[in-house]
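Spelled out from the first residue to the last, the chains are:
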Amino acid sequence: MLILGIESSCDETGVALYDSERGLLAHALHSQVALHADYGGVVPELASRDHVRQCLPLLRSVLREAAVDRGEVDGVAYTAGPGLVGALLVGACIGRSLAWSWGVPAVAVHHMEGHLLAPMLEHPAPEFPFVALLVSGGHTMLVEVAGIGRYRILGDTLDDAAGEAFDKTAKLLGLAYPGGPLLAQLAQRGDPGRFRFPRPMTDRPGLDFSFSGLKTFALTTVQANGDDDQTRADIARAFEDAVVDTLAIKCRRALRQTGVGRLVVAGGVGANRALRAALQRMAREEGAQLFYPRLEFCTDNGAMIAYAGACRLQAGQSQGRAVEVRPRWSLEELEPVALSPP
Ligand code: KG4
Ligand code: ZN
């Protein structure tokens, strides 16, 4: 079964072709980072317009790369939420229209399901059940995954997502948008012993997160110590250490609480090296296995949507012809898929 996947929930247009027998055939991505950089954040209307411009050229390029004809596509998967409503509508309209004109089924994919299934595109792929840490610009979540569509949210952020906290603190340190990777770079030159930031909500039971206090902590540290180069690096280091430590503590807790021995990490912040090292140490101590998607599939992409869509289409799931998106949509509302993954 050959599935076209379209991702357009935020500031990246991703298109991919996944075949349930042959695996991933082609994928292409257009990042809008440069488009939004001057504004210090994603401008929704600009995002939507750019998805309109990019989607079909990317589709042509993946068809060419995979050397398949559009007539061979058996189904279309598109991100229907959560995300920016206008951006989602672009992918949904294009996906539905293509499916209708090609006479194939279309399936609405949950963006976070895409992220947490992304490691299934790698070898070895994790077996079910596993615990997933989803850490992106919009989400910070711990999810117990019993199977496809069988998700229990163990913990969520009460305020800023981890990536959002990285970006806001980076902005405060004078770094360009999106500042997460730049802050991580700056932190490498920082002295880990100079400042110590709190590890929010680790002193009480539970798996929820709260990261908004850390940027305030960074601000008061700048006000008290100035913002010379070394101080900025030291603050970046203290901030990164606090986020990484907090995520590792909660992941360890989630593994112990569920008795599950596999941890999957996905989402943009999953690209952070310090986080990867800390989780590796923790997993070794816990005797757990750790799985990541390849780096380019940590961030938003079409491949994860094509894969999640293939799982659902193979199980016979698809939606009617109406173009509907869900800017807010809980993972726990998804329908389970009975079949084993392709
Ligand atoms: O998953 P993603 O591409 O987009 C969504 O938010 O859905 O994640 C982007 C987020 C941004 O906040 C970015 O700053 C952060 O991931 N990020 C990082 C790193 N690479 C990306 N944060 C810290 N360290 C990194 N190396
Ligand atoms: Zn994402």
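Residues numbered from 1 in each chain as written. Chains lettered and ligands numbered in written order. Predicted model: local features only at pLDDT ≥ 70, side-chain atom pairs only at ≥ 80, totals over all residues. Heavy atoms only, no water.

## Side note on the coordination of the zinc ion (ligand 2)
Turning to step 1, where the next piece is worked out: Coordination of the zinc ion (ligand 2) by the protein involves His 111 (NE2), His 115 (NE2) and Asp 300 (OD), with metal-donor separations of 2.1 to 2.2 Å.
Turning to step 2, where the next piece is worked out: Its four donor atoms give the zinc ion (ligand 2) angles of 91 to 149° at the centre, a pattern that matches the irregular case.
Turning to step 3, where the next piece is worked out: Counting along the primary sequence, the residues that act as donors to the zinc ion (ligand 2) give the motif H-x3-H-x184-D. With His 111 in helix H4 (residues 111-117) and Asp 300 in the loop between strand E10 (289-291) and helix H10 (303-314), the pair connects residues that are 189 residues apart, well separated along the chain.
Turning to step 4, where the next piece is worked out: Here Asp 300 falls in the buried class, since its relative accessible area comes to 13%. (Donors = N, O, S within 2.8 Å, 3.2 Å for Na, K, Ca; no water. Tetrahedral: all angles 85-135°; square planar, octahedral: opposite > 155°, others 65-115°. Helix = DSSP H or I, 4+ residues; strand = E, 2+ residues; numbered from the N terminus. Buried < 20%, exposed > 50% of the residue type's maximum accessible area, 1.4 Å probe, protein only.)

## Considering the environment of Val 107
Turning to step 1, where the next piece is worked out: By secondary structure assignment, the location of Val 107 is in strand E5 (residues 106-110).
Turning to step 2, where the next piece is worked out: Look at Val 107 and you get buried, because its relative accessible area is 1%.
Turning to step 3, where the next piece is worked out: Sequence-wise, Val 107 and Ser 318 are 211 residues apart; in three dimensions their C-alpha atoms are separated by 4.6 Å.
Turning to step 4, where the next piece is worked out: Residues in contact with Val 107, not counting those within four places in the same chain, are Val 76, Ala 77, Tyr 78, Gly 309, Arg 312, Leu 313, Gln 317, Ser 318 and Gln 319. (Contact = heavy atoms within 4.5 Å.)

## Some thoughts on the site of ligand 1
Turning to step 1, where the next piece is worked out: If you check the shell around ligand 1, you find 17 residues, and the closest are Gly 137, Gly 163, Asp 167, Gly 268 and Asn 272.
Turning to step 2, where the next piece is worked out: The separation between an oxygen atom of ligand 1 and a polar main-chain atom of Gly 138 is 3.4 Å.
Turning to step 3, where the next piece is worked out: At the level of elements, H4, helix H5 (162-172) and helix H6 (180-187) are the ones that each hand at least two residues to the shell around ligand 1.
Turning to step 4, where the next piece is worked out: In terms of residues, the shell around ligand 1 owes the most to one element, H5, which gives three residues.
Turning to step 5, where the next piece is worked out: Here the shell around ligand 1 is built from residues that sort into four nonpolar, eleven polar and two charged.
Turning to step 6, where the next piece is worked out: Mapped onto the domain boundaries, the shell around ligand 1 takes at least three residues apiece from domain 1 (2-117 + 297-333) and domain 2 (127-292). (Near = heavy atom within 4 Å. Polar contact = N/O pair within 3.5 Å; in protein donor to acceptor, adjacent residues only side chain to side chain. Nonpolar A, V, L, I, M, F, W, Y, C, P; charged D, E, K, R; others polar. Domains from an automatic or database assignment.)

## Focus: the pairing of E5
Turning to step 1, where the next piece is worked out: Of all the five residues making up E5, five are buried; the element is thus mostly covered by neighbouring parts of the structure.
Turning to step 2, where the next piece is worked out: Across the two faces of E5 the burial is the same, with Ala 106, Ala 108 and His 110 and Val 107 and Val 109 all buried.
Turning to step 3, where the next piece is worked out: Crossover connection from strand E4 (residues 75-81) via helix H3 (residues 85-102) to parallel E5: handedness right-handed. (Right-handed = clockwise from strand over helix to strand, strands pointing away.)

## Notes on the packing of aromatic side chains
Turning to step 1, where the next piece is worked out: Enumeration according to the criterion identifies five aromatic pairs in this entry.
Turning to step 2, where the next piece is worked out: With a centroid separation of 5.3 Å and 80° between ring planes, the pair formed by Tyr 18 and Tyr 307 is classed as edge-to-face. Note that Tyr 18 is positioned in strand E2 (residues 12-19) and Tyr 307 in helix H10, a separation of 289 residues in sequence.
Turning to step 3, where the next piece is worked out: By relative accessible area, Tyr 18 is classed as buried at 6%. (Phe/Tyr/Trp six-rings, centres within 6.5 Å; stacked < 30°, edge-to-face > 60°.)

## Focus: the domain arrangement of the protein
Turning to step 1, where the next piece is worked out: Each assigned domain of the protein is listed with its residue range as follows: domain 1 (2-117 + 297-333) and domain 2 (127-292).
Turning to step 2, where the next piece is worked out: With centres defined by C-alpha atoms, the gap from domain 1 to domain 2 works out at 27 Å.
Turning to step 3, where the next piece is worked out: Listed by partner, the interface residues are 19 residues for domain 1 and 22 residues for domain 2.
Turning to step 4, where the next piece is worked out: Of the roughly 1,700 Å² buried at the junction of domain 1 and domain 2 (both faces included), carbon and sulfur atoms supply 73%.
Turning to step 5, where the next piece is worked out: Inspection of the region where domain 1 meets domain 2 yields zero salt bridges.
Turning to step 6, where the next piece is worked out: Summed over the shared surface of domain 1 and domain 2, the number is four residue pairs in polar contact (both at pLDDT 80 or more).
Turning to step 7, where the next piece is worked out: For the side of domain 1 that touches domain 2, the secondary structure elements donating two or more residues are helix H1 (33-37), H4 and H10. (Buried area = accessible area lost by both parts, 1.4 Å probe. Salt bridge = Lys/Arg side-chain N within 4 Å of Asp/Glu carboxyl O.)

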